Amino acid sequence: MILVTGGCRSGKSAFAEQLVTKKKGGRWLYIATAKITDAQMEARVLKHQARRGSDWETCEANEVLADYLSSECAAAYDGILLDSVTTLVTNMLFDFIGDADWESFDFESVDYDQASRQILEQIGRIAECAQRLPVVFVTDEIGLGVVPQTCLGRNFRDILGSVNQYLAGRCSQVYLVVSGIPVKIKGGDGQ
């Protein structure tokens, strides 16, 4: 397993796609975690699809991702790209919160410790299933900026930071992409 992290628009997805497609003529799977909620998100999804081209198969498996990765179907691919862990964790957090009137919802009422435990447990199941597969995870490094102003923002940053640390520990290689330049921070050369 490989983890690719970096800031927004750092080039991490394009680099991760290159890692997956190193083996020419292979069978590649893109696991999409985004839920299209507005026109801007739809445009981002279409841009990513156009860059990948038609050589990729796409799977939207948010809720049953661990089950999918443990299936024989997933083992048939030469490379799998999960893009992105950040969006997956966002979905998991809002699934934990459940349906709410977002205009009046009190985000300080959420048990973020319990949410974090539940999300890390789900990520652990996904990583366990992915351990035997050629999977590249893409995630955002969101802890380098200012402290978020909102309770939700601060807790999401902390949860994603824990998830990223967990995945980095499990992956054999980790790359940080900065301004389109990938820097290997774990793996190879005796690490």
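Read on for a plain summary of the structure. Here, residues in each chain are numbered from 1, in the same order as that chain's written sequence. In keeping with the model being predicted, local features are shown solely for residues with a pLDDT of at least 70 and side-chain atom pairs are shown and tallied solely at 80 or more, while totals for entire chains, interfaces and linings include all residues. By convention in this description, side-chain values take in all heavy atoms of the structure and omit both hydrogens and water.

Brief notes about the packing of aromatic side chains
- Side-chain rings of Phe, Tyr and Trp, where Trp is taken by its six-membered ring, are said to pair if the distance between their centres is within 6.5 Å; with planes under 30 degrees apart they count as stacked, over 60 as edge-to-face, and otherwise as tilted. Counted by the stated rule, this structure contains eight aromatic pairs.
- When the centroid spacing of 6.4 Å and the interplanar angle of 80° are considered together, the rings of Y30 and W56 count as edge-to-face. Taken together, the positions of Y30 in strand 2 (residues 28-32) and W56 in strand 3 (residues 56-59) put the pair 26 residues apart, joining distant regions of the chain.
- Classification of residues uses two cut-offs on accessible area relative to the type maximum, computed with a 1.4 Å probe and protein chains only: under 20% is buried, over 50% is exposed, and between them is partly exposed. Classification of W56 by relative accessible area gives buried; the value is 10%.
- Here the aromatic rings of W102 and F107 are separated by 5.7 Å at their centres, their planes lie at 10°, and the arrangement is stacked.
- As a reminder, the over-ring test applies to NZ of lysine and CZ of arginine, requiring each to be within 6 Å of the ring centre and within 35 degrees of the ring normal. One cation-aromatic arrangement involves R27 over Y77; the distance from NZ or CZ to the ring centre is 4.3 Å. Counting from the N terminus, the helices are the DSSP runs of H or I reaching at least four residues and the strands are the DSSP runs of E reaching at least two.

Focus on the side chain of T86
- Note that T86 resides in helix 5 (residues 85-97).
- The class of T86 is buried, set by a relative accessible area of 10%.
- By the criterion applied in these results, polar contacts are pairs of N or O atoms within 3.5 Å in which, for protein atoms, one can donate a hydrogen and the other can accept it, and in which residues neighboring in sequence qualify only through two side-chain atoms. There is a polar contact of 3.4 Å between the side chain of T86 and the side chain of T139.
- Throughout, a residue-residue contact means that at least one pair of heavy atoms, one from each residue, lies within 4.5 Å. Not counting residues within four places of it along the chain, the set of residues in contact with T86 comprises V138, T139, D140, F156 and L160.

A short note on the sheet that holds strand 7 (residues 181-186)
- Paired strands, in this sense, are two strands between which DSSP finds at least two bridges. The sheet built from seven strands is open, its strands ordered 3-2-4-5-1-6-7 with mixed pairing. The open sheet has two edge strands, strand 3 and strand 7, and neither has a second partner. Mean inter-strand twist for the sheet, computed between neighbouring axes without regard to direction, equals 25°.
- Two strands pair when backbone bridges link them, and strand 1 (residues 2-6) and strand 6 (residues 173-178) are joined in this way by five bridges, in the parallel orientation. Within the sheet, the bridge partner assigned to V4 lies in strand 6 and is Y175. Orientation is described by axes fitted as lines to C-alpha atoms, over the contacting stretch for helices, and by angles from 0 to 180 degrees between their N-to-C directions.

Points about helix 2 (residues 39-52)
- Expected span, for any helix, means 1.5 Å times one less than how many residues it has. The end-to-end C-alpha separation of helix 2 is 20 Å, in line with the 20 Å expected for 14 residues at 1.5 Å each.
- For helix 2, the N-terminal capping position is held by D38, with its side-chain oxygen 3.2 Å away from the main-chain nitrogen of Q40.
- Remark: G53 follows helix 2 within two positions and exhibits a positive phi of approximately 80°.

Description of the pairing of strand 4 (residues 79-83)
- Of all five residues that make up strand 4, five are buried, and the element is covered over most of its length.
- Taking every second residue as pointing to the same face, both faces of strand 4 are buried, with G79, L81 and D83 on one and I80 and L82 on the other.
- The sheet contact formed by strand 2 and strand 4 spans five bridges and is parallel. Bridged to Y30 within strand 4 is L81.
- The pairing of strand 4 with strand 5 (residues 135-140) spans four bridges and is parallel. Its bridge partner being in strand 5, L81 is matched across the sheet by V136.

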